[in-house]
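Remarks on the overall topology
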Amino acid sequence: MATPVTLIPGDGIGPSITRATVRLLEAAGADIVWEEQLAGMAAVERYGDPIPDETLESIKRTRVALKGPLETPVGEGYRSINVALRTSFDLYANVRPACSIQPGGRYQNLDIVLIRENTEGLYVGIEHYIRVGDDPRAAAESTAIITRAGSDRIARYAFEYAVNHDRRKVTLVHKANILKFSQGLFLDVGRAVAREYAGRVEFEERIVDAMAMNLVLHPERFDVIVTTNLFGDILSDQISGLVGGLGLAPGANIGSHAAIFEAVHGTAPDIAGKGIANPGALMLAACMMLEHLGDVERGRRVRRGIESTIREGRTVTGDLGGSATTEQFTDAIIGKL
Ligand code: NAD
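Model, not experiment: these values are computed from the prediction. (Residues numbered from 1 in each chain as written. Predicted model: local features only at pLDDT ≥ 70, side-chain atom pairs only at ≥ 80, totals over all residues. Heavy atoms only, no water.)

1. Quick word on the pairing of strand β11 (residues 250–254)
- Across the 5 residues that make up β11, a large majority, 5, are buried.
- Side chains Pro250, Ala252 and Ile254 of β11 all project onto a buried face; the interleaved residues Gly251 and Asn253 project onto the opposite face, where all are buried too.
- Sheet topology places strand β4 (residues 93–99) next to β11; 3 bridges connect them, and they run antiparallel. Bridging across to β11, alanine 93 finds its partner in isoleucine 254.
- A loop of 4 residues connects β11 with strand β12 (residues 259–263), the two strands running antiparallel in sequence. (Buried < 20%, exposed > 50% of the residue type's maximum accessible area, 1.4 Å probe, protein only. Helix = DSSP H or I, 4+ residues; strand = E, 2+ residues; numbered from the N terminus. Pairing = 2+ DSSP bridges.)

2. Let's talk about the side chain of threonine 6
- Structurally, threonine 6 can be placed in strand β1 (residues 3–8).
- Take threonine 6: its relative accessible area is 0%, and that puts it in the buried class.
- Setting aside residues no more than four positions away along its own chain, threonine 6 makes contact with Glu35, Gln37, Ser58, Ile59, Thr62, Val64, Ala65 and Leu66. (Contact = heavy atoms within 4.5 Å.)

3. Quick notes on the pairing of β4
- Counting buried positions over the 7 residues of β4 gives 6, a clear majority of the element.
- In terms of strand pairing, β4 meets strand β5 (residues 111–117) through 7 bridges, oriented antiparallel. Across the sheet, alanine 98 pairs through a bridge with isoleucine 112, a residue of β5.

4. So, the sheet that holds strand β2 (residues 32–36)
- Overall, mixed pairing links the 10 strands, which are arranged β2-β1-β3-β12-β11-β4-β5-β10-β8-β9 in an open sheet. Lying at the two open borders of the sheet, with one neighbouring strand each, are β2 and β9 (202–207). Going across the sheet, the axis of each strand differs from the next one's by a mean of 25°, ignoring polarity.
- Bridge count for β1 against β2 is 5 bridges, and the pairing is parallel. Residue pairing in the sheet places threonine 6 in a bridge with glutamate 35 of β2.
- Contacts from helix α3 (residues 53–62) reach β1, β2, β3 (64–67) and β12, with the element oriented near 150° to β1. (Axes fitted to C-alpha atoms, helices over the stretch in contact; angles between N-to-C directions.)

No statement about biological role is implied by the geometric values presented.
In structure tokens:
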């Protein structure tokens, strides 16, 4: 029976790259029925609500969504829908692999997976201004929340991921030397979980600033990385930079009851509507989704098609050094299947 999946085209380049991805999965014979739903600016324009109930209901029903990027107004306006979706469905693990695909990049043969805690830390949205005298915004305060339970489940997720994907090492990234309470708790819980996997998965700890440097100097030393929300946000973009940028960086947001697959990049307003966006990151996210749905072999086959098209470099989009349109790139990948 066909698997229902919620499809959120999103804003900017979102509709064109989701269309390309759906076309690729259909060509690969994936047995999916898509429930198309709106979110972000597209939903504000239609319903006056960036995240309509209908969209949430659909994800509740299907428990799996493929999502294009959503526009978030900076500084004012509605809060990030991506954060709202992660919180609503308790999508606690953000999984972002970075593999070198394109030849000739700065680093070859990188294969890093970053697992970011997705619901806690500074992203809980507890913020306020403090008035001093007649300045209502004289200071601002943001609170970071780290819980034992939240740290335990993300550390466990990282180790289970390592075991299930034949990975050898988990690196826990923290700043417990300065943030002794919040980061200290994350580190202590991570160490306890690591002890349960001793002998099966190697464990190491790194302070985030040193990690940022080491990722540039010796990225090949890293395998699975687990860290808190803000550090994960930053380092995952960094690792995608090591392998050629956001155009090929997929991400999965995984919870116990739902999972949302997306590209790491945003709506790319500078190229939206031109038909030249690279759909590769969303397509790689769709491969992760197939694996999540148990359609593992098809996921691998589609990934091989994407990778070999990129390696050949004949029909790739501008960000990958070619001149193909989104549709031409998609056709080339379909040709490989
Ligand atoms: P961005 O990722 O949209 O763009 C950064 C640069 O990368 C731009 O030059 C863009 O053209 C290029 N780029 C990104 N994706 C590309 C692709 N697939 N093909 C070719 N080039 C690509 O980042 P931004 O400009 O900081 O953000 C724009 C909007 O996206 C903002 O509203 C932001 O909130 C939103 N955003 C959404 C998500 C998400 O929904 N997951 C993630 C990041 C940013």
